[in-house]
Structures are given as structure tokens and as C-alpha cells.
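# Summary of structural features
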Amino acid sequence: MASAASERRQAVLRAIVADYIALHEPVGSKSLVDRHKLNVSSATIRNDMAVLEAEGYIEQPHASSGRVPTEKGYRAFVDAINKVKPLSVPERRAIVEFLESGVDLEDVLRRSAQLLAQLTRQAAVVQLPTLSVSRVKHCEVVALTPARLLLVLITDQGRVDQRNVELAGPIGDDDVRQLRDLLNSALVNTTMADASEALVALAARAPRDIADPLARCIAVIIDTLVDNRSDRILIAGASNLIPFTSDLLGALEALEEQVVALRLMANLPALGNVNVVIGSENTEAELSKASVVTTGYGADGATLGGLGVLGPTYMDYPGTIQKVAAVGHYISHILVGEDF
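Within an unreviewed UniProt entry, the label attached to the chain reads Heat-inducible transcription repressor HrcA, and the organism entered is Corynebacterium aquatimens. Its UniProt record, at the heading Sequence similarities (unreviewed entry), says of the chain: "Belongs to the HrcA family." Taken directly from UniProt, the Function (unreviewed entry) text for the chain runs: "Negative regulator of class I heat shock genes (grpE-dnaK-dnaJ and groELS operons). Prevents heat-shock induction of these operons."

### A closer look at the pattern of salt bridges
For the coordinates displayed, the defined rule picks out 13 salt bridges. Here Asp174 ties to Arg177 by a salt bridge, and the two come within 2.2 Å at their closest N and O atoms. Taken as a pair, Asp174 and Arg177 lie in helix α7 (residues 173-187) at a separation of three residues, close to a single helical turn. We classify Asp174 as exposed; its relative accessible area is 55%. Overlapping salt bridges bring together Arg8, Arg9 and Asp48 as one network.

### Observations regarding the sheet that holds strand β10 (residues 302-312)
As summarised here, the arrangement of the five strands in space is β7-β3-β10-β9-β8, forming an open sheet in which the pairing is antiparallel. Here the strands that pair on one side only, and so sit at the sheet edges, are β7 (233-236) and β8 (274-278). Recorded for the sheet is a direction-independent mean angle of 20 degrees between the axes of neighbouring strands. Judged from the ten bridges that link them, strand β9 (residues 290-299) and β10 form a sheet pairing that is antiparallel. If you follow Gly296 over to β10, its bridge partner there is Gly306. Helix-sheet contacts for helix α10 (residues 245-257) involve β3 (123-127), β7, β9 and β10, and the interaxial angle to β10 is about 145 degrees.

### Points about the packing of aromatic side chains
Within the structure shown, the criterion is met by three aromatic pairs. Note on Tyr74 and Tyr317: the rings are 5.8 Å apart at their centroids and 50 degrees apart in plane angle, and the pair reads as tilted. You can see Tyr74 sitting in helix α4 (residues 71-79) and its partner Tyr317 sitting in helix α12 (residues 317-336), a full 243 residues away along the chain. Both residues of the pair, Tyr74 and Tyr317, belong to the buried class. Aromatic ring contacts, followed pair by pair, group Tyr20, Phe244 and Tyr314 into a single cluster. Its guanidinium or amino end placed over the ring of Tyr57, Lys72 lies 4.6 Å from that ring's centre, counting from NZ or CZ. A cation sits over an aromatic face here: Arg111 above Phe98, 4.9 Å from the ring centre.

### Considering unusual backbone geometry
Here the phi dihedral of Arg121 falls at roughly 60 degrees; this positive angle occurs in a residue that is not glycine. Looking at where Arg121 falls in the secondary structure, it is placed in the loop between α6 (105-120) and β3. The exposure class of Arg121 is exposed, given its relative accessible area of 66%.

### Concerning the packing of α7 against helix α8 (residues 192-204)
The interhelical angle for the contact between α7 and α8, taken along N-to-C directions, is 135 degrees, at an axis separation of 9 Å. Regarding the angle of α7 to α8, the classification is oblique. Judged by the twist between their axes, the crossing of α7 over α8 is right-handed. Mapping the contact onto sequence places Leu182, Leu183, Ala186 and Leu187 in α7 and Ala195, Ala198, Leu199 and Leu202 in α8.

### Describing the nonpolar core
In globular proteins that are soluble, nonpolar side chains generally tend to be buried together. Counting 69 residues, the largest nonpolar core has Val12, Leu32, Leu109, Leu287, Leu310, Tyr317 and Ile331 as the members making the most contacts within it. Looking at which element gives the most residues to this core, the answer is α12, with eight residues. With residues near it in sequence (within four places) discarded, Tyr317 still touches Ile21, Tyr74, Phe77, Val78, Ile81, Val276, Ile278 and Ser291. Among the nonpolar cores identified, the runner-up in size contains 28 residues, and Ile171, Val176, Leu182 and Cys217 belong to it.

### Observations concerning the packing of helix α5 (residues 89-100) against α6
α6 packs onto α5 with a crossing angle of 145 degrees between their chain directions and a minimal axis gap of 9 Å. Both α5 and α6 take part in a crossing whose hand is right-handed. When α5 is examined against α6, the residues Ile95, Phe98 and Leu99 are found in contact with a partner set consisting of Val108, Arg111, Ser112, Gln114, Leu115 and Leu119. The residue makeup of the contact of α5 with α6, split by class, is six nonpolar, two polar and one charged.

### Description of the state of the cysteines
Inspection of the entire model under this criterion finds zero disulfides. Not part of a disulfide, Cys139 finds its nearest cysteine sulfur in Cys217, a span of 7.6 Å. On the basis of relative accessibility, which here comes to 0%, the residue Cys217 falls in the buried class.

### Remarks on the side chain of Ser291
Mapped onto the elements of the fold, Ser291 is located in strand β9. Here Ser291 falls in the buried class, since its relative accessible area comes to 0%. Here Tyr317 takes part through its side chain, which lies 2.7 Å from a polar atom of the side chain of Ser291. Ser291 has contacts with Val277, Ile278, Gly279, Val309, Leu310, Gly311, Pro312, Thr313, Met315 and Tyr317, leaving out every residue within four places of it along the chain.

Definitions and limits used
All residue numbers refer to positions counted from 1 along the written sequence of the respective chain. For this predicted model, a pLDDT threshold of at least 70 governs which residues receive local features, and a threshold of 80 or more governs which side-chain atom pairs are given and counted, while totals over whole chains, interfaces and linings are taken from all residues. Derived side-chain values reflect all non-hydrogen atoms in the structure, with water molecules and hydrogen atoms excluded from consideration. UniProt positions are given in the numbering used here, feature names are shortened, and annotations may be inferred rather than shown by experiment. Note on definitions: salt bridges are taken to be side-chain nitrogens of Lys or Arg within 4 Å of carboxyl oxygens of Asp or Glu. A helix here means a DSSP run of H or I that spans at least four residues, while a strand means a run of E at least two residues long, and both kinds are numbered starting from the N terminus. Exposure categories follow from relative accessible area, calculated using a 1.4 Å probe and restricted to protein chains: below 20% of the type maximum is buried, above 50% is exposed, and the middle band is partly exposed. Strand pairing is assigned whenever DSSP detects at least two bridges linking the two strands. The convention used is that axes are lines fitted to C-alpha atoms, helices contributing only their stretch in contact, and that angles between N-to-C directions extend from 0 to 180 degrees. By the convention used here, residues are in contact when the closest approach between their heavy atoms is within 4.5 Å. Any two of the Phe, Tyr and Trp rings considered here, Trp counted by its six-membered ring, make a pair once their centres fall within 6.5 Å; the pair's planes then place it as stacked at under 30 degrees, edge-to-face at over 60, or tilted in between. Placement of a charge over a ring requires the Lys NZ or Arg CZ to be within 6 Å of the ring centre, with the centre-to-atom vector within 35 degrees of the ring normal. By the definition adopted for this analysis, an angle is roughly parallel if under 35 degrees, roughly antiparallel if over 145, roughly perpendicular if from 65 to 115, and oblique otherwise. Note on convention: near helix rotated counterclockwise from far helix by under a right angle means a left-handed crossing. Clockwise means right-handed. Buried Ala, Val, Leu, Ile, Met, Phe, Trp, Tyr and Cys residues that are joined via side-chain atoms within 4.5 Å together make up what is termed a nonpolar core. Just so you know the grouping, Ala, Val, Leu, Ile, Met, Phe, Trp, Tyr, Cys and Pro go in nonpolar, Asp, Glu, Lys and Arg go in charged, and all remaining residues, Gly too, go in polar. Disulfides are defined in this document as cysteine sulfur pairs within 2.5 Å. Side-chain atoms alone can form a polar contact between residues adjacent in sequence; in general such a contact is a pair of N or O atoms within 3.5 Å, and within protein one must be able to donate a hydrogen while the other accepts it.

Structure follows, in C-alpha cells:
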């Protein structure tokens, strides 16, 4: 069982982190006594701060200044968050109404990125559903010109991808309909991860009169969709990082290229959970002075994509965790058409 002194030092650490997040300036012992009901003297607080500093939870930027949390201090603060305060009824209603007004899944996710950036005042990242776990709902084939086709692939999660196919020569309406039927016979209800095998098998049994256009369609689907692992990322609120560019310039530049944003979504927590990575815990060097809060969204127990925010290490962790979790929760409900 923790001693009274140990519990008090934990309370002092929580107070220092909370005050630094709120004020962005070093925290002194007198201000802690004035703002928090710690029921001890300033001298006792100074002793506790000395212990916390020796243990690496806080540090003193200058000889005459107060203390600021270290990454270890932030980690202890986050790990001690047992319960996040739920959103108020008006907040929940505003989120639901904003997201439910999206015209399709991609619009909902775009709105989610905008909403997260606005709610947290940080950079928001939202990943479109990963194709590998989506199932094909329909493949439409449209003749744009006599020798050019448009393939429209629709997944069960509402994702729509379009690709052009250049043909060796003109194709008739009957052949276009036959192509559509053959592609749907191979693709409908298969995951994109299993689509390659189904398409290769289809090519092997293709009718001779449409073998060439079918082969071209199959090549486009496999090359640009099935084998494409760089799922799209939506980013909003990058300008929110501008005030922190001295610390987050590398992160801002990396986000613009989307490479780092994709990697942020590579190791998502289980559905319903939130992951917090602080400073040098990030494997990306560009994020060594940033904190990242992520969660997944999905349906039927399967994670289809992720979302999160990126900001300075002195972000409002309880508030950010609360908002990221809430938006992920509502996206999952929208995916399966459940009421809130």
C-alpha cells in the first residue's frame, strides 16, 4: 500500500501536470498551495517536488524557475487516468448531428477529421477504411468511350474507388455488361485481401471474345487497388501546430507528406480503447517532441481504420482522450447504422 507521502507526491505531480497544461509556464510550490487543496505547507510541497525531480518526473528549466513535467511525468499522469469524464449531452448531440449529416462514409470521415481538429485544437488524422478487411459490394463497369472503361468498386463499408481502363480497341454494350457480370461474380463478398486469387482464376476461364478487355480490367484492379497498401489519410487542423513549430516543425512537415500519418495508424489499440504515445516513445524521429492519441473504428469487432490527434507533449490529455474516444465510437455506430 502506498504511504501517505507517496500518495501526496502523486497528487503534487498531477497538480503540476494539470497546471502546466493549462498555463504553459513552470509551476512553483506557492502556486500549487494556492490553487490546489493539498493541506500541507509550501515547504512540504518543495520537498515533494525535490523527490519528484530526483525520480525524473519533473525538472527545473532554470535555477530560479518552477518545475515542468518530463515525459516520464506525463506518462505517469496518463497512466493514472482511470476514468475519463463523459461528454455532456449538448456535446454528444452536436457531434452526432455533424457526423450524421455526412452524405457517405468518406464525407463522415472527413467531417470527423475537421471535428477532432476543432475540438482538440490540434492536428487530426483519420484513416479511410483499410481495403484489406473490406468486402466488395459491387463492381460497376461504364463505357466512357468505345475504347475506355471506368471501373467503380464499392465496398460494404461505403468506400468507393474509381479507375480508368484503356482498351486495345472498341467494345460493345453487350460486352460491357458481360464484363460487369464476370467481375461481380468473382469479387462480390470477397475481401480485397482475397480478391487477387479470385481475379486470377477468373482470367483463366475468361470467354475468348472478351479475354483481352477482361485481362486489362483485372490488371488495373490488382495493380491499383488490391496490391495498394497506402490507404488514404485525411488530415485537418495542421495549422493548429503552427504556434508550436519550434518543437513540432518536423512533425508538421511529415504530416504534409502523409508518410508518418500512415505509420501512426499501423498499431491501433483494440476497438473501444485509446492509445497515447508521448515524446520519444514515438518511433518516428520527427515526433520526438509530440504526443499522439489514437483509437480505431470498425464494425462487428473488426477494426476498419483509425483516427487520432497529434500535438505538443503538454496537451490536455484527459480532454483529448475523451474526444478521440467519442468520435471513434460514433463513427463505429454510423458504420453499422445503430442509433445513439
